[in-house]
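# Summary of structural features
Listed below are the residues making up each chain.
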Amino acid sequence: MRGWWQEIADLVLPADCAGCGRPGGALCERCRGALRGSGARRVEPSPVPPGLPVVHAAVDYVDEARAVLLAHKERGALRLARPLGEALAGAVRAACPEPGPGPEPGPGAAAGSRRWAGAGLDRVSRVRPGTGSEACAGARPGYGSGARRRGGPLLLVPVPSARRAVGARGHDPSRRIALAAAGVLRGGGRPARVPAVLRQRRRVSDQSGLDARQRRANVTGALEAVPGSGRLLAAGPVVLVDDLMTTGASLAEAARAVTAAGGLIIGAAVVAAPLMRINRN
């Protein structure tokens, strides 16, 4: 109910810019440009939690970007989902850029070779780390074993929010941004979906104030795939998405749950990550 009323209020009430506070709209052009950034970058927490895919972030979690994310997440500024989705779509593209068309693997191709035509990538799962042989920037060695049908869309799988948080906020911020990002990708000619495949299997503590080790312990085993998710995940390759990455514990747990359900994870993308994360251009 709160989400419905918030959407109506967003349409009829005047709003100051969520990024800088200046009057004139929900997001001014300057702050919209800050969300676009200078291009998504690979980011890596320290320490890296086991099972974390390669992650790309659209922007650093500072200044206008931080303010916009908080306004959308905590204050229900739902109109910000579209510009945040545009930023996330940029990170998804960086995580898995579209190569040109290529030939099908022949009879002599290496075992484990897989092609994803609909997602715009050719991926060979057996690659040597650090050689630059990964066709998709988000692929880590060991992900994506098993046969998949060709022509599937890119599956953006958001890290699910806790039910109590969704109830308090009136919406699921990560899922809303993921839906907006999928729309942006489809508008650019890249098939994309946001399947509802993950849920929380147990309650977790508030992550604020916890260090990396405590966060990992807090979320380990907290997620599971919903019944029937295997069929949904078989439709295409998966990019895990979230609004923010700090320690990477939640993304690593989501990766575990998706992989256990048979999903092919090719990377992860977030709107923002703190400056303390290691940026790899």
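This text goes with the structure placed above it.
Before going into details, it helps to say that this report is about the structure given with it. Since this is a predicted model, take the numbers as computed values, not measurements. (Residues numbered from 1 in each chain as written. Predicted model: local features only at pLDDT ≥ 70, side-chain atom pairs only at ≥ 80, totals over all residues. Heavy atoms only, no water.)

### What about the packing of helix 3 (residues 63–74) against helix 6 (residues 173–187)?
Think of two packed helices as two axes; the pair is described by the angle between the axes and how far apart they sit. Convention followed: To define axes, lines are fitted to C-alpha atoms, for helices over the stretch in contact only, and angles between the resulting N-to-C directions are given on a 0 to 180 degree scale. Only DSSP runs of H or I covering at least 4 residues are called helices, and only runs of E covering at least 2 are called strands; the numbering of each starts at the N terminus. Any angle from 65 to 115 degrees is called roughly perpendicular, while one under 35 is roughly parallel, one over 145 is roughly antiparallel, and all others are oblique. A crossing counts as left-handed when the near helix is turned anticlockwise from the far one by less than a right angle, and as right-handed when that turn is clockwise. Working rule for contacts: check all heavy atoms of both residues, and any pair within 4.5 Å makes them a contact. Note on residue categories: nonpolar means Ala, Val, Leu, Ile, Met, Phe, Trp, Tyr, Cys or Pro, charged means Asp, Glu, Lys or Arg, and polar means any other residue, Gly included.
Between helix 3 and helix 6, the shortest axis-to-axis distance is 9 Å and the interhelical angle comes to 115°. Of the possible angle classes, the one that applies to helix 3 and helix 6 is roughly perpendicular. Considering the relative orientation of helix 3 and helix 6, their crossing is right-handed. Residues Leu69, His72 and Lys73 of helix 3 touch helix 6, and the partners they reach there are Pro173, Arg176 and Ile177. Grouping the amino acids of the contact of helix 3 with helix 6 by side-chain chemistry returns 3 nonpolar, 1 polar and 2 charged.

### Overview of the pattern of salt bridges
Put simply, the rule reads: Here, a salt bridge means any Lys or Arg side-chain nitrogen found within 4 Å of an Asp or Glu carboxyl oxygen. When accessible area is computed with a 1.4 Å probe and restricted to protein chains, residues below 20% of their type maximum are described as buried, those above 50% as exposed, and intermediate ones as partly exposed.
This structure, assessed with the given rule, holds 8 salt bridges. Between Arg30 and Glu64 there is a salt bridge, with its nearest N and O atoms 2.9 Å apart. Taken together, the residues Arg30 in helix 2 (residues 29–36) and Glu64 in helix 3 connect sequence positions 34 residues apart. Of the residues examined, Glu64 reaches a relative accessible area of 16% and is grouped as buried.

### Things to note about the environment of Pro49
For Pro49, the position within the fold is in the loop between strand 1 (41–44) and strand 2 (55–60). For Pro49, a relative accessible area of 3% gives the class buried. In this view, Pro49 contacts Arg216, Thr247, Gly248, Ala249 and Ala252; residues no more than four positions away in its chain are not counted.

### Focus: helix 9 (residues 249–260)
Formally: A helix is expected to span 1.5 Å for every residue after the first.
The first and last C-alpha atoms of helix 9 sit 17 Å apart over 12 residues, in line with the 16 Å expected at 1.5 Å per residue. Directly after helix 9, the chain includes Gly262, whose backbone phi takes a positive value near 95°.

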